[in-house]
Structure formats: structure tokens, C-alpha cells
Amino acid sequence: KLERSADHLHRWASILTMTIFTMMFLCTPLAMFLVHTHLEGKVVPYEGLLHTLILSLLITAGMLMVIQNNSQMGLRWANTHVASSRVVFEVYQFLGGVGPYVCGPTVRQRI
């Protein structure tokens, strides 16, 4: 169950990061296009709509960054992954009869 939880957190952290990256990537060429057309003195149809789109993409990306920072999904994923690895490590130690589980075969056979 810990491993499933770690995979779930990793998936959501990756989706959030890629969404932020995509939004920022879309804003850059759009802004460059608007600046280029403004410097060239060309009239851009739906210029107000494009300005609104850039602004909304940047605000949404900023809010997603705040959510990403506050939820600390990467840190939560790392903690869950380490906990699941420790559980697996303990199981293998128990099955191998090493570490704190070194004892005679009679004790392990009774468990």
C-alpha cells in the first residue's frame, strides 16, 4: 500500500510540474509574437484576447506553483518511498534471518 501511495504522489507531482512547464512554455512564444508585431507596427487581430490569454496563463501557472510549493508533493513522495523501502528491507532481513533477526531456527519456526 505504501508503494502504491508513493506512485500516486509521484504521478500527481509529475502532472503538476508538466502542467506548469507547458503553461510557461506557451506564454513565452505568445508574448514574443505580440512584442514582435508591436515593434513592427502590425495590427494583430484579437490582440486583447491574446493579452488576456497570456495574463490568465501566467496567473494560473503562478497559482499552480504556489499549490506545488505548499503541498510539497515531491517531499511527501520521497518520505513515502523511503518508508516503503524500509518495510521491504525489514521483511528481507526477517526472511534472511540477519541483523536484529539473528536467532536460532527454532525461534523463527515458532513464528
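Residues numbered from 1 in each chain as written. Predicted model: local features only at pLDDT ≥ 70, side-chain atom pairs only at ≥ 80, totals over all residues. Heavy atoms only, no water.

Colleague: I would appreciate a short explanation of the packing of aromatic side chains in the present structure.
Modeller: The way to describe two aromatic rings as a pair is by their centre distance and the angle between their planes. Here the structure, examined in full by the defined rule, presents one aromatic pair. Their ring planes at 25° and their centres at 5.9 Å tell us that Phe 21 and Phe 25 sit as a pair that is stacked. Of this pair, Phe 21 and Phe 25 both sit in helix H1 (residues 2-40), four residues apart, which is roughly one turn of the helix. What makes Phe 25 exposed here is its relative accessible area of 53%. (Phe/Tyr/Trp six-rings, centres within 6.5 Å; stacked < 30°, edge-to-face > 60°. Helix = DSSP H or I, 4+ residues; strand = E, 2+ residues; numbered from the N terminus. Buried < 20%, exposed > 50% of the residue type's maximum accessible area, 1.4 Å probe, protein only.)

Colleague: Honestly, the side chain of Thr 80 in this entry has me stumped. Any pointers?
Modeller: Looking at where Thr 80 falls in the secondary structure, it is placed in helix H3 (residues 73-96). Setting aside its immediate chain neighbours within four residues, Thr 80 contacts Leu 2, Ser 5, Ala 6 and Leu 9. (Contact = heavy atoms within 4.5 Å.)

Colleague: Looking at this model, I keep getting lost on the nonpolar core. Mind explaining?
Modeller: General note: in soluble globular proteins, nonpolar side chains tend to be found buried as a group. Leu 16, Ile 20, Met 23, Cys 27, Leu 57, Ala 61 and Leu 64 together form the largest nonpolar core, which totals seven residues. Not counting residues within four places of it along the chain, the set of residues in contact with Leu 16 comprises Leu 64 and Gln 68. In terms of nonpolar packing, the next biggest core, distinct from the first, is built from five residues, Leu 30, Leu 34, Leu 50 and Ile 54 among them. (Core = buried A, V, L, I, M, F, W, Y, C linked by side-chain atoms within 4.5 Å.)

Colleague: Hey, could you run me through the packing of H1 against H3 in this one?
Modeller: When two helices pack together, their arrangement is captured by the angle between the axes and the distance separating the axes. Axis separation between H1 and H3 bottoms out at 8 Å; the angle between their running directions is 160°. On the basis of their axis angle, the class for H1 and H3 is roughly antiparallel. Relative to H3, H1 is oriented so that their crossing is left-handed. Residues Leu 2, Glu 3, Ser 5, Ala 6, Leu 9, His 10, Trp 12 and Ala 13 of H1 touch H3, and the partners they reach there are Met 73, Arg 76, Trp 77, Thr 80, His 81, Ala 83, Ser 84 and Val 87. Residue composition of the contact of H1 with H3, by class: nine nonpolar, five polar and two charged. (Axes fitted to C-alpha atoms, helices over the stretch in contact; angles between N-to-C directions. Parallel < 35°, antiparallel > 145°, perpendicular 65-115°, else oblique. Left-handed = near helix turned anticlockwise from the far one by under 90°. Nonpolar A, V, L, I, M, F, W, Y, C, P; charged D, E, K, R; others polar.)

Colleague: What's the story with the confidence of the model for the protein in this structure? I'm lost.
Modeller: One rule of thumb: low pLDDT means the predicted coordinates there are not for detailed reading. Here the protein shows a mean pLDDT of 84. Residues at 70 or above account for 93%. Across the protein, element-level confidence peaks in helix H2 (residues 47-71) with a mean pLDDT of 90 and bottoms out in helix H4 (residues 105-110) with 54. (pLDDT = per-residue confidence, 0-100.)

Colleague: Which parts of the structure should I look at to understand a nonpolar patch on the surface?
Modeller: Nonpolar side chains collect at one region of the surface, where Leu 2, Val 87, Val 88, Val 91, Tyr 92, Phe 94 and Leu 95 lie side by side and expose about 650 Å² of accessible area between them. Here the element with the most residues in the nonpolar patch is H3; it accounts for six residues. Within the secondary structure, Val 91 sits in helix H3. According to the relative accessible area criterion, Val 91 is partly exposed, its value standing at 42%. (Patch = residues over 30% accessible without salt bridge, like charges linked within 9 Å, V, L, I, M, F, W, Y side chains within 5 Å. Areas by Shrake-Rupley, 256 points an atom, 1.4 Å probe, with all protein chains shown as cover. Salt bridge = Lys/Arg side-chain N within 4 Å of Asp/Glu carboxyl O.)

Colleague: Sorry, what's going on with H2 here?
Modeller: Three or four residues apart is the spacing at which side chains of an α-helix point the same way, because the helix has 3.6 residues per turn. When the terminal C-alpha atoms of H2 are compared, their 36 Å separation across 25 residues agrees well with the 36 Å that a helix rising 1.5 Å per residue should span. The secondary structure elements touched by the buried residues of H2 are H1. Residue Gln 72 follows H2 closely and has a positive phi angle near 45°. (Expected span 1.5 Å × (residues − 1).)

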